[in-house]
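Below are the chains, spelled out letter by letter.
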Amino acid sequence: MLSRRTMAGAALTALIASVSGAATAYAGGGKVLCDDKGFCRVVADDTVDTPGRNGDGEQASDHGSTTPECYDSLVGDKEVPCYLKGLGYWANGRNCYFQQADPQPAAGDPRWEGHDAADGAVYDAYCPDNPNMTSQWFAQPPAGGTAVNPAVLALEAVKKMTLRGPDIANPRAAGTYTVGVPMWMWVNQSATTYGPQSASATAGAVTVTATAKVSKVVWRMGDDATVTCTGPGTVYAASAGMANSPTCGHLYTTTSASADGGTYEVTAASTWTIDWQVTAGGGQTGQLTEVRQTQTQAAIGELQVVR
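Residues numbered from 1 in each chain as written. Predicted model: local features only at pLDDT ≥ 70, side-chain atom pairs only at ≥ 80, totals over all residues. Heavy atoms only, no water.

Asker: Break down the overall build of the chain for me, citing the residues and quoting the values.
Answerer: From N to C terminus, the chain includes 2 helices and 20 strands. Counting every position in the chain, which comprises 307 residues, the buried fraction comes to 40%. Across the chain, contacts joining residues at least 24 apart in sequence account for 56% of those joining residues at least 6 apart. Total accessible area on the chain stands at roughly 16,200 Å², and carbon and sulfur atoms take up 49% of it. (Helix = DSSP H or I, 4+ residues; strand = E, 2+ residues; numbered from the N terminus. Buried < 20%, exposed > 50% of the residue type's maximum accessible area, 1.4 Å probe, protein only. Contact = heavy atoms within 4.5 Å. Areas by Shrake-Rupley, 256 points an atom, 1.4 Å probe, with all protein chains shown as cover.)

Asker: Quick rundown of the state of the cysteines? Include the residues and the values.
Answerer: Within this structure, the stated rule accounts for 3 disulfides. Note on cysteine connectivity: Cys70 is disulfide-linked to Cys82, with sulfurs 1.9 Å apart. What sets the handedness of the Cys70 and Cys82 disulfide is the S-S torsion sign, and at about 105 degrees it is right-handed. On the criterion of sequence distance, the pair formed by Cys70 in the loop between strand E3 (40-43) and strand E4 (71-72) and Cys82 in the loop between strand E5 (78-79) and strand E6 (83-84) is long-range, its members being 12 residues apart. (Disulfide = S-S within 2.5 Å.)

Asker: Kindly report on unusual backbone geometry, identifying the contributing residues and their values.
Answerer: In this structure, Pro103 follows Asp102 across a cis peptide bond, with omega equal to 5 degrees. With respect to the secondary-structure elements, Pro103 resides in the loop between strand E8 (96-100) and strand E9 (121-126). In this model, Gly195 is joined to Pro196 through a cis peptide bond whose omega is 0 degrees. Checked against the element boundaries, Pro196 lands in the loop between strand E14 (186-188) and strand E15 (197-203).

Asker: Let's hear about the environment of Thr254: which residues, and what values?
Answerer: With respect to the secondary-structure elements, Thr254 resides in the loop between strand E18 (249-250) and strand E19 (264-280). Overall, the relative accessible area of 41% leaves Thr254 in the partly exposed class. Once the C-alpha coordinates of Thr254 and Gly301 are considered, the two residues, 47 residues apart in sequence, prove to be 8.2 Å apart. Setting aside residues up to four positions removed in sequence, Thr254 forms contacts with Val179, Tyr264 and Ile300. A polar side-chain atom of Thr254 sits 2.8 Å from a polar atom in the side chain of Tyr264. (Polar contact = N/O pair within 3.5 Å; in protein donor to acceptor, adjacent residues only side chain to side chain.)

Asker: I'd like a description of the environment of Thr263, backed by residues and values.
Answerer: Positionally, Thr263 belongs in the loop between E18 and E19. The class for Thr263 is partly exposed, based on a relative accessible area of 22%. Taking the C-alpha atoms as reference points, Thr263 and Ile300, separated by 37 residues in sequence, lie 6.8 Å from one another. Contact partners of Thr263, with chain neighbours within four places excluded, come to Ser256, Gln297, Ala298 and Ala299.

Asker: Please give an account of the nonpolar core that cites residues and values.
Answerer: One finds Met183, Trp219, Met221 and Tyr252 to be the most contacted residues of the largest nonpolar core, which totals 36 residues. Among the secondary structure elements, those contributing two or more residues to this core are helix H2 (150-159), E15, strand E16 (206-220), strand E17 (226-229), E19 and strand E20 (285-301). (Core = buried A, V, L, I, M, F, W, Y, C linked by side-chain atoms within 4.5 Å.)

Asker: Residues and numbers for the side chain of Thr193, please.
Answerer: In this structure, Thr193 sits in the loop between E14 and E15. Classification of Thr193 as buried rests on a relative accessible area of 9%. What Thr193 contacts, discounting residues up to four positions off in sequence, is Arg164, Gly165, Pro166, Asp167, Asn188, Val214 and Trp272.

Asker: How would you explain the pattern of salt bridges if you had to name every residue and give the values?
Answerer: Any two side chains of opposite charge can pair, on the condition that their charged atoms come close. Inspection of every chain in the model, using the stated rule, returns 3 salt bridges. The partner of Lys159 in a salt bridge is Glu156, with the nearest N and O atoms 3.2 Å apart. Of the two residues, Lys159 and Glu156 both sit in helix H2, 3 residues apart, roughly one turn of that helix. Residue classification places Lys159 among the exposed residues on the basis of a relative accessible area of 62%. The partner of Arg292 in a salt bridge is Glu290, and the shortest N-O contact between them spans 3.2 Å. (Salt bridge = Lys/Arg side-chain N within 4 Å of Asp/Glu carboxyl O.)

Asker: Please provide a residue-by-residue account of the confidence of the model for the chain, values included.
Answerer: Predicted coordinates in areas of low pLDDT are best not read in detail. Averaged over all residues, the pLDDT of the chain equals 80, while 74% of them reach at least 70. Here residues 1-32 is a poorly scored stretch, pLDDT under 50, and it has 57 contacts once near neighbours within four places are set aside; other chains count. (pLDDT = per-residue confidence, 0-100.)

Asker: So what's going on with the sheet that holds strand E7 (residues 88-91)? Residues and values would help.
Answerer: Strand order in the open sheet formed by 5 strands is E6-E7-E8-E9-E10, and the pairing between neighbours is antiparallel. One side of each edge strand has no neighbouring strand; the edge strands of this open sheet are E6 and strand E10 (135-138). The pairing of E9 with E10 spans 4 bridges and is classified as antiparallel. Bridge assignment links Tyr123 to a residue of E10, and that residue is Gln136. (Pairing = 2+ DSSP bridges.)

Asker: Which residues make up the packing of aromatic side chains, and what values do they have?
Answerer: As enumerated under the stated definition, the model contains 6 aromatic pairs in all. A centroid spacing of 6.4 Å and a plane angle of 10 degrees characterise the contact between Tyr97 and Tyr126, whose relative ring orientation is stacked. Placement of Tyr97 in strand E8 and of Tyr126 in strand E9 is noted, with a sequence separation of 29 residues between them. For the pair formed by Tyr97 and Tyr126, the shared burial category is buried. Considering the side-chain rings of Trp184 and Tyr236, the 5.1 Å spacing of their centres and the 85 degrees angle between planes classify their relative orientation as edge-to-face. Of this pair, Trp184 sits in strand E13 (residues 183-184) while Tyr236 is found in the loop between E17 and E18, placing the two residues 52 residues apart along the sequence. Of the residues examined, Trp184 reaches a relative accessible area of 7% and is grouped as buried. An aromatic cluster is present here, built from Trp90, Tyr97 and Tyr126 joined pairwise through their rings. (Phe/Tyr/Trp six-rings, centres within 6.5 Å; stacked < 30°, edge-to-face > 60°.)

Here's what the structure looks like:
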């Protein structure tokens, strides 16, 4: 079975049906060179060394083609995959794949090249033209042919979450409420309806972790009133009597008798605030929001006086 590295290398040469560890000729002109990791490239016929032999003796060739997005400048600017799983991202000019070492070396390890952890990070390196190059320290992530956009990864992390609309506890569709009597609104809290919940997404050496929690609930009460609550609301207790809710409430001044079905349609919309940060491969942070809503009905009647 072909290794992942061999499969990735084979993607470079769509005309090649199979590869081995040695130079292989093909009908299209030139030849394929493969190193001991299975990394293969099409090179000019006059290239005499197998990649991975310290990079000496390889002859650059120029067929007049446009320089690809990711290329090996030591082998005639030949195109290489911009990303290989397990190896990282290709850095043009450096002619290596890099991914941040995880875990990072201990303090004082020679791979830090005399630097401290606060100054940057150590990256594992795979250089087809220089197998002796296995790591390098960088103050900033090395520029690769394809940059990882943390904001896009954050969205991928959000897709792994279950973000639902509010779990409305009050008002209840089966309840009956009264004009002029303060209504207390509150929602039940769970990971999927209020948070917090977290998820991560990874691309190459970059991992983004996102944490989502509801930051506000906007209630549309059905009588043209809107109430914004920055918390889940307060559960009503009989001891509160006719007092207003201290956190989230509304006072109806008209009955719902003339509304469709004799009830007001109440909509509660949660705003999920999602904070994300790069937990591997950088230190960027960001924030985005998602809105989810739930509907219920509220029957509002008049106060009945018993004589």
